[in-house]
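Observations on chain architecture
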Amino acid sequence: MNIKNNFMLRAIELSLNSANNGGGPFGCVITKKNKIIAEGSNKVTLSKDPTAHAEVVAIREACKKLNAFDLSGSDLYTSCEPCPMCLSAIYWSHIDNIFYANSRDDAKNIDFDDSFIYSEISKKNEDRKIPIKQMLRKEALIAFELWNKKTDKIKY
């Protein structure tokens, strides 16, 4: 069996353990140089944190372990196609590759349906279910101007 299959099997094992122990049925591993550097399972209900998806948990662990916010050179193996939030976190962390087992349609079949979020993303702010209204832009731009002028900023 190839090493990528082993990584995915570990993500699936984490999803099974999570489902059996009060978490959602999702697991994830992050690898670098063909070694697991972080693991995560869904902890939304256990931690009362809606952002504690397996991928986000693993990303947080990897960043802490590597003392870095940039995970370039890493691969992510997840038991299910990432939701919009996790996909965004993966992009922000600069992970190189995503490998998944179950599809978003498989997740939808067991009531983990992200279709609504995907549809909201493409809408104009004023057409979204949760109203998004801009305010105090002029005042807020001061922080952006300060950041833009900094010579010692760390870009991400």
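Before any of the text, the structure's been laid out above.
What comes next concerns the included structure. (Residues numbered from 1 in each chain as written. Predicted model: local features only at pLDDT ≥ 70, side-chain atom pairs only at ≥ 80, totals over all residues. Heavy atoms only, no water.)

1. Section: helix α7 (residues 137–149)
The α-helix winds at 3.6 residues per turn, so residues separated by three or four positions along the chain end up facing the same way. Threshold: Put simply, DSSP marks the helices as runs of H or I at least four residues long and the strands as runs of E at least two long, and each gets a number from the N terminus on. Take the residue count of a helix, subtract one, and multiply by 1.5 Å to get its expected span. Three labels apply to residues, based on accessible area from a 1.4 Å probe with only protein chains included: buried if under 20% of the type maximum, exposed if over 50%, partly exposed otherwise in between.
If you check α7, its first and last C-alpha atoms are 18 Å apart, about what 13 residues at 1.5 Å a residue would give, namely 18 Å. With zero of 13 residues buried, α7 lies mostly on the surface of the structure.

2. Points about the nonpolar core
Side chains that are nonpolar tend, in soluble globular proteins, to be buried together. Our working rule: Put simply, buried Ala, Val, Leu, Ile, Met, Phe, Trp, Tyr and Cys residues joined by side-chain atoms within 4.5 Å make one nonpolar core. Between two residues, a contact is recorded if the distance between any of their heavy atoms is within 4.5 Å.
Counting residues in hydrophobic clusters, the biggest one holds 16 residues, and the most contacted among them are I30, I59, A62, L71, L76 and I95. Of the residues forming this core, the biggest block, five residues, is contributed by helix α3 (residues 54–66). Setting aside its immediate chain neighbours within four residues, L71 contacts I30, I59, A62, C63, L66, S93, H94 and I95.

3. Observations concerning unusual backbone geometry
Even without glycine at this site, K33 takes up a positive phi of about 50 degrees. Positioned with a positive phi, L136 is a non-glycine residue whose angle comes to about 55 degrees. With respect to the secondary-structure elements, L136 resides in the loop between α6 (115–121) and α7. The exposed category is assigned to L136, whose relative accessible area is 54%.

4. Details of the packing of α3 against helix α4 (residues 84–93)
Note the following rule: A fitted line through C-alpha atoms represents every axis, and for helices the fit uses only the stretch in contact; the resulting angles, taken between N-to-C directions, go from 0 to 180 degrees. In these notes the angle categories are as follows: under 35 degrees is roughly parallel, over 145 is roughly antiparallel, 65 to 115 is roughly perpendicular, and the rest is oblique. For a crossing to be left-handed, the near helix must be turned anticlockwise from the far one by less than a right angle; the clockwise case is right-handed.
Between α3 and α4, the least distance of the axes is 9 Å, while the angle of their chain directions is 25 degrees. In terms of axis orientation, α3 runs roughly parallel to α4. Crossing handedness for the pair α3 and α4: left-handed. Counting all contacts with α3, which are made through E55, V56 and I59, the residues of α4 involved are M85, C86, A89, I90 and S93.

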